[in-house]
Amino acid sequence: SQQGEEDPQALSIQEGENATMNCSYKTSINNLQWYRQNSGRGLVHLILIRSNEREKHSGRLRVTLDTSKKSSSLLITASRAADTASYFCATVAIKAAGNKLTFGGGTRVLVKP
Amino acid sequence: GAGVSQSPSNKVTEKGKDVELRCDPISGHTALYWYRQSLGQGLEFLIYFQGNSAPDKSGLPSDRFSAERTGGSVSTLTIQRTQQEDSAVYLCASSLVQGSHEQYFGPGTRLTVT
């Protein structure tokens, strides 16, 4: 079953704008990861944030984590048409064997040129 | 280097038939995972293999589902007596156990049960 919810479910923005999506989860986590999926097939890892971190950056990506609220956000700055994809947060629970991922429902992002 | 590969990319089968889905992980990755993605259930964990340890089968939805990993490399997911609700994209991922917890995903197998 899914760990939590992502918000919004869908997002449409113009190229150059920022895109922000949120993820909520239910259990205590070891880390939280964000993945991108194009065309409903393989997922690509974007960024990982550990439970003792509050913010992390990677290129145009900024991730925040609030463990007290059990929530995370992903910000994509200066979006490009190529950023059009579905974005999923995934958590690794503290007691999870083998780092198995529990995914949120995903946010579909459309970046219009 | 080569990424995770899966075969077939698409599979259409009749209800009641058995199917086998294959995953070739990245060489040297000792951890291998199967997930499935369906419209109704989203992305969900199925099974996890790590080295020679007993697999974590906690995500398998029924006893019609089984998986094996031979020689610590290639894995096969088998679905017996397929049902229409088994229709989904089946994704395989592999990772190194130590260091980053990043998982590398294959392109998936789209299974359609008619």
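So, here's what we can say about the structure. Here the structure is a predicted model, which means the values were calculated and not measured.

We now examine the interface of chain A and chain B. Counting residues at the interface gives 20 residues for chain A and 24 residues for chain B. Together chain A and chain B conceal approximately 1,800 Å² of surface at their shared face, both sides included; 49% is due to carbon and sulfur atoms. When the area that chain A buries against chain B is broken down by residue, the three leading residues are Arg41, Asn99 and Lys100 of chain A, summing to 31%. At the junction of chain A and chain B, the tally comes to one salt bridge. In this structure, Asp56 of chain B engages Lys100 of chain A in a salt bridge whose closest nitrogen and oxygen atoms are separated by 3.2 Å. Looking at the side of chain A that touches chain B, the elements that each hand over two or more residues are strand S4 (29-37) and strand S5 (43-50) of chain A. For the side of chain A that touches chain B, the element with the most residues is S4 of chain A, which contributes five residues.

Close approach of charged atoms allows side chains of opposite charge to pair. Going through the model one piece at a time under the given rule, you end up with eight salt bridges over all chains. For Glu55 of chain A, the salt bridge identified is with Arg62 of chain A, shortest N-O distance 3.1 Å. Residue Glu55 of chain A is classed as partly exposed on the basis of its relative accessible area of 40%. Arg62 of chain A sits in the partly exposed class, given a relative accessible area of 30%. Residue Arg64 of chain B is joined to Asp86 of chain B by a salt bridge in which the shortest nitrogen-to-oxygen separation is 2.8 Å. With Arg64 of chain B in the loop between strand S5 (42-50) and strand S6 (65-69) and Asp86 of chain B in the loop between strand S7 (75-79) and strand S8 (88-95), the pair connects residues that are 22 residues apart, well separated along the chain. With a relative accessible area of 2%, Asp86 of chain B lands in the buried category.

Glancing now at the packing of aromatic side chains. Under the criterion given, the structure shown has nine aromatic pairs over all chains. Here a set of aromatic residues connected by ring pairs shows up, and it is made of Tyr35, Phe88 and Phe103 of chain A together with Tyr33, Tyr35, Phe45, Tyr48 and Phe105 of chain B.

Thresholds applied
- Residues numbered from 1 in each chain as written.
- Chains lettered and ligands numbered in written order.
- Predicted model: local features only at pLDDT ≥ 70, side-chain atom pairs only at ≥ 80, totals over all residues.
- Heavy atoms only, no water.
- Contact = heavy atoms within 4.5 Å.
- Buried area = accessible area lost by both parts, 1.4 Å probe.
- Salt bridge = Lys/Arg side-chain N within 4 Å of Asp/Glu carboxyl O.
- Helix = DSSP H or I, 4+ residues; strand = E, 2+ residues; numbered from the N terminus.
- Buried < 20%, exposed > 50% of the residue type's maximum accessible area, 1.4 Å probe, protein only.
- Phe/Tyr/Trp six-rings, centres within 6.5 Å; stacked < 30°, edge-to-face > 60°.

Remember that the coordinates give geometry; whether it matters functionally is a separate question.
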